[in-house]
Amino acid sequence: MRSTMRPRALMMAVASALALGLAACGPEQATNQATNPNAAAEIAKFLDSEIKDLSVLDRAGQEAELNWFATAAAPFQGMEINVVSESIATHEYESKVLAPAFSAITGIKITHTLMGEGDVVDRLQRQMRTGENEFDAYVNDSDLIGTHWRYKQVRDLTDWMANEGKDATSPTLDLNDFIGISFTTGPDKKLYQLPDQQFANLYWFRYDWFSDAKNKADFKAKYGYDLGVPVNWTAYQDIAEFFTGRTVDGKKVYGHMDYGKKDPSLGWRFTDAWLSMAGNGDKTNGGPNGLPVDEWGIRVDENSRPVGSCVARGGDTNGPASVYAITKYLDWLKKYAPPAAQGMTFSESGPVPSQGEIAQQMFWYTTFTADMVKEGLPVVNADGTPKWRVAPSPHGAYWEEGQKLGYQDAGSWTLMSNTPADRAKAAWLYAQFVTSKTVDLKKSHTGLTFIRESSIQHPSFTERAPKLGGLVEFYRSPARTQWSPTGTNVPDYPKLSALWWQNIGDAAAGSKTPQQAMDALCKAQEEVLARLEEQGVQGDIGPKLNPEESPQVWFDRPGAPKPKLADENPKAETVDYDTLIKSWQH
């Protein structure tokens, strides 16, 4: 939803909020909580040197919004606040540029620590376990929404903004402008996290090679249809086969890229919606994830209680669609990717497409966009435009219209319940500052991890779009709603996610078949669910396992799990990229 708050209305809202806040404090308290005396000068310095004209607000609106932060921060001046996030470009910008600016404007000393994503989750779990306040706020993936909702160890932001944290909640926050709010909302319709950065997992391909007349003619002669963006996995496989071993620009190239080392990063290769791309799970019915069965294959009942992961309990982790997904992953990795890919991790495989020898990649994180458009790369033209494009991911044979089609990461601000209220308020002010309308457009241009509709639609991104390979067009399109993070069916993300790389790694290593690996995975997930049920730590929204039944009982019922298809290679389908983009723009 587009924000409609005009600068004049914004200033009036800020003024009204300030007046109410001072009145609530009382004359004596307001006097004792004077705004940072350097605020006005620091605001002007920050806007002049850093924001300039890269904001969705005009200068008056920017000043009004930042003046509110300075005033609201008055009670917390001198406090030293510690927040943490993973190390990606967006958060580096926050840590190095925005945190010092916020400190200078408000008088709150912010230390924004960067570490690996796994380390962030470990610290968060430690704070949950010990009750000791290690960090005052965490930017952690909204993949943990089911964990946070069930364990009740994070602040419910809906209640927080209306009550305890009201005086520290910006009148210009405008939640309707955030594109990922549904990802951070629990089944109880309460908001538990505030999105800070988002990036999708899309199909990446060499637009120049796909547009080449000889490549197009040779492909059509061999396969009988036009070379284009693959709509389904059958077409993707044909394209991978076509380009693998073909000489392009004087060198032999590959038709696919992936990674296969048995490593923790192999886990999110699959939990990040690979199975739903194949067609496992149920339709989303207007929500962000499949219900009652999600892309992890976990089924929940009408009260959102997890009831099974294996087909015998109504789950889909080891169903035909999931086994098909793993089988295709292994086949393509071995046949069409560079041989070294089988021994690579996520971080090692990431730069490979930029080296100019890969025709397409099914599973490409848009967080790599900034690194993929650097001057001098083999995949960038002399004028700075990319030789590549991104497009919606193709879907597998089991996929149906209405199902989730891809993954979208949403790193989101999370306030722990055991953080003292004053520290939580100070951290909450910083979280809103780095996601504010004053700041977000510049931050979006820096990290290309969009969170606000107003930034996505800004004319500056219309101007920059030709150099971003379709990223802007995707985020402006209706297609983006089919991309979402892990949802609320997963009751303990850290415990369950650790099972994936180990079990699927066995299939990648060849020690288990895809069916054996997924059978082992679903059983391991159900063991965790059973322990949570026995412990009762999640109360009446925790797991309550179904009794086991014959898989055929579940296959005969509507929805997931679906029975095995007689033909897992339907007719190939492609679409012309330029035609696809035009369809989004009308």
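Criteria and thresholds
Residues numbered from 1 in each chain as written. Predicted model: local features only at pLDDT ≥ 70, side-chain atom pairs only at ≥ 80, totals over all residues. Heavy atoms only, no water. Helix = DSSP H or I, 4+ residues; strand = E, 2+ residues; numbered from the N terminus. Rg over C-alpha atoms; globule rule 2.2 N^0.38 Å. Buried < 20%, exposed > 50% of the residue type's maximum accessible area, 1.4 Å probe, protein only. Contact = heavy atoms within 4.5 Å. Polar contact = N/O pair within 3.5 Å; in protein donor to acceptor, adjacent residues only side chain to side chain. Phe/Tyr/Trp six-rings, centres within 6.5 Å; stacked < 30°, edge-to-face > 60°. Lys NZ or Arg CZ within 6 Å of the ring centre and 35° of its normal. Disulfide = S-S within 2.5 Å. Expected span 1.5 Å × (residues − 1). Lys, Arg positive; Asp, Glu negative; His and termini not counted. Salt bridge = Lys/Arg side-chain N within 4 Å of Asp/Glu carboxyl O. Pairing = 2+ DSSP bridges.

Trainee: When you look at the overall build of the protein chain in this model, what are you seeing that I'm missing?
Mentor: What the protein chain contains, in helices and strands, is 25 helices and 13 strands. At 25 Å, the protein chain has a C-alpha radius of gyration in line with the 25 Å of a compact globule built from 586 residues. Structurally, the protein chain occupies a C-alpha span of about 80 × 60 × 40 Å along its principal axes. The buried share of the protein chain, taken over its 586 residues, is 59%. Considering only contacts in the protein chain between residues 6 or more positions apart, those separated by 24 or more positions represent 76%.

Trainee: Help me understand the side chain of Thr184 in this model?
Mentor: Within the element layout of this structure, Thr184 appears in the loop between helix H8 (157-162) and strand S4 (194-206). At 2.9 Å, the side chain of Thr184 forms a polar contact with the backbone oxygen of Gln193. With near-sequence residues (within four places) excluded, Thr184 lies in contact with Ser142, Ile145, Lys190, Leu191, Tyr192, Gln193, Pro195 and Ser412.

Trainee: Hey, could you run me through the packing of aromatic side chains in this one?
Mentor: A ring pair, where both rings are aromatic, is described by two values, the distance of the centres and the angle of the planes. In total, this model carries 44 aromatic pairs according to the counting rule given. Pairing Trp233 with Tyr324 gives two aromatic rings, centres 5.4 Å apart and planes at 20°, and the pair type is stacked. One end of the pair, Trp233, is in helix H11 (residues 233-243); the other, Tyr324, is in helix H14 (residues 320-336), and 91 residues separate them in sequence. Here the two residues Trp233 and Tyr324 agree in accessibility, since each one is buried. Between Phe346 and Tyr365, the aromatic rings sit 5.2 Å apart at their centres with planes inclined by 90°, giving edge-to-face as the arrangement. Of this pair, Phe346 sits in helix H15 (residues 346-349) while Tyr365 sits in strand S10 (residues 360-365), placing them 19 residues apart in sequence. In terms of burial, Phe346 and Tyr365 fall into one category: buried. Its end group placed over the ring of Phe270, Arg269 keeps NZ or CZ at 5.0 Å from the ring centre. Sitting over the face of the ring of Trp274, Arg269 holds its NZ or CZ atom 4.0 Å from the ring centroid.

Trainee: Before we go on, may I ask you to explain the state of the cysteines in this structure?
Mentor: By definition, a disulfide links the sulfur atoms of two cysteine residues through a covalent bond. For the structure on display, the rule yields one disulfide. Paired through a disulfide, Cys310 and Cys522 show a sulfur-sulfur distance of 2.0 Å. Around the S-S axis, the bridge from Cys310 to Cys522 shows a dihedral of about 95° and counts as right-handed. Of the two residues, Cys310 sits in the loop between strand S9 (306-308) and H14 while Cys522 sits in helix H23 (residues 514-535), which places them 212 residues apart along the sequence. Both residues of the pair, Cys310 and Cys522, count as buried.

Trainee: Help me out: how do you make sense of helix H17 (residues 421-434) in this one?
Mentor: Spanning 14 residues, H17 covers 20 Å between terminal C-alpha atoms, matching the ideal 20 Å at 1.5 Å per step. Judged by how many residues are buried, H17 sits mostly within the fold: eleven of 14 residues are covered. Among the residues making up H17, those that are buried are Ala424, Lys425, Ala426, Ala427, Trp428, Leu429, Tyr430, Ala431, Gln432, Phe433 and Val434.

Trainee: How should I be thinking about the environment of Ser304 in this particular structure?
Mentor: With respect to the secondary-structure elements, Ser304 resides in the loop between strand S8 (299-300) and S9. Using a relative accessible area of 17% as the deciding quantity, one classes Ser304 as buried. As a C-alpha pair, Ser304 and Pro292 span twelve residues in sequence and 8.2 Å in three-dimensional space. The contact partners of Ser304, leaving out residues within four places of it in the chain, are Trp149, Arg150, Pro187 and Ile541.

Trainee: Even after reading the chapter, I still don't get the side chain of Glu86, so can you show me in this structure?
Mentor: With respect to the secondary-structure elements, Glu86 resides in strand S1 (residues 80-86). No salt bridge is formed by the buried Glu86. Its closest oppositely charged neighbour is Lys443, at 12 Å. With near-sequence residues (within four places) excluded, Glu86 lies in contact with His91, Leu114, Met115, Gly116, Glu117, Val120, Val139, Asp141 and Gln197.

Trainee: Sorry, what's going on with the pairing of S4 here?
Mentor: The side chains of a regular strand alternate, residue by residue, between the two faces of the sheet. Summarising burial for S4: 13 of the 13 residues are buried, a large majority. Both S4 and strand S12 (residues 408-414) contribute to a ladder of six bridges, which runs antiparallel. Paired with Phe199 across the bridge in S12 is Asp409. In this sheet, S10 lies alongside S4 in antiparallel orientation, the contact comprising four bridges. Its bridge partner lying in S10, Asn201 is registered against Tyr365.

Function cannot be inferred from these measures alone, as they are strictly geometric.
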